[in-house]
Amino acid sequence: MVRRGRECSVAEALEVVGERWSLLALREIMLGERRFNQIAENTGASRDILAARLRKLVDAGVLEKVQYEDHPPRHEYHPTEAGRALQPILLGLMAWGDKYVHQGEPPTLWRHACGELLVPATVCAHCGDPVNAPGTHAVRLGAVHS
């Protein structure tokens, strides 16, 4: 018997972006790198693995492949709306890594449009309170499939 577990958007999202090289490629693209060679160099991924991950992200609608040269054909990778929506997730993961994993000063800092260093925070769109505030709880759970 195969156990499938709870129906969950987290599990579905991880099917698309939940692999190390996919997330590191997205990091580079969010930092402004668009070309395969630079993404490969900055992530340390092997070319074949990176090509497969980028192809999966394109197929999933997270990235779009844009040709910038005809002879030979060369492409850049640009985030789609779905890809840009991952930036707060990546920034949150980075902040978590800075606080709980990395030792020393954070290796990367971001400046917000207001001019201050960015400190990502997830808040309720209605009241502005932090998501981890007491009283936050699930009101509907996905079904468990077995």
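Since the model is a prediction, treat every value here as computed from it, not as a measurement.

### Observations concerning the environment of L26
- Relative to the helices and strands, L26 is located in helix 2 (residues 20–30).
- Judged by its relative accessible area of 1%, L26 is buried.
- Taking the C-alpha atoms as reference points, L26 and H102, separated by 76 residues in sequence, lie 20 Å from one another.
- With residues up to four places along the chain from it excluded, the contact list for L26 reads V17, L57, V62, L63, L86 and L90.

### Some details on the pattern of salt bridges
- Scanning all chains against the criterion turns up four salt bridges.
- Close ionic contact of E28 with R27 constitutes a salt bridge, the shortest N to O distance being 2.8 Å.
- Its relative accessible area of 5% is what places E28 among the buried residues.
- With relative accessibility at 33%, the residue R27 sits in the partly exposed group.

### As for the nonpolar core
- The biggest cluster of nonpolar side chains holds 19 residues, and the ones touching the most others in it are L26, L50, L54, L63 and Y77.
- Where this core is concerned, the elements lending two or more residues are helix 2, helix 3 (36–43) and helix 4 (47–59).
- Excluding its chain neighbours within four sequence positions, the residues that come into contact with Y77 are I29, R34, F36, I39, L54, V58, L63, E64 and K65.

### Re the pairing of strand 2 (residues 63–69)
- Sheet analysis places strand 2 next to strand 3 (residues 74–79), joined by six bridges and oriented antiparallel. Each residue of the ladder has a partner; that of V66, found in strand 3, is E76.
- Between strand 2 and strand 3, which follow one another and run antiparallel, lie four residues.

### Notes on the UniProt feature "domain: HTH hxlR-type" (unreviewed entry) in the protein
- Within this numbering scheme, the UniProt entry marks residues 8–105 as carrying the feature "domain: HTH hxlR-type" (unreviewed entry).
- Here residues 8–105 runs as 60% helix and 13% strand, with 35 Å between its end C-alpha atoms.

### Focus on a nonpolar patch on the surface
- Residues L93, W96, Y100 and V101 make up a contiguous nonpolar surface patch of about 470 Å² in total accessible area.
- The partly exposed category is assigned to W96, whose relative accessible area is 48%.

Conventions we followed
- Residues numbered from 1 in each chain as written.
- Predicted model: local features only at pLDDT ≥ 70, side-chain atom pairs only at ≥ 80, totals over all residues.
- Heavy atoms only, no water.
- Helix = DSSP H or I, 4+ residues; strand = E, 2+ residues; numbered from the N terminus.
- Buried < 20%, exposed > 50% of the residue type's maximum accessible area, 1.4 Å probe, protein only.
- Contact = heavy atoms within 4.5 Å.
- Salt bridge = Lys/Arg side-chain N within 4 Å of Asp/Glu carboxyl O.
- Core = buried A, V, L, I, M, F, W, Y, C linked by side-chain atoms within 4.5 Å.
- Pairing = 2+ DSSP bridges.
- UniProt positions renumbered as here; feature names shortened; annotations may be inferred.
- Patch = residues over 30% accessible without salt bridge, like charges linked within 9 Å, V, L, I, M, F, W, Y side chains within 5 Å.
- Areas by Shrake-Rupley, 256 points an atom, 1.4 Å probe, with all protein chains shown as cover.

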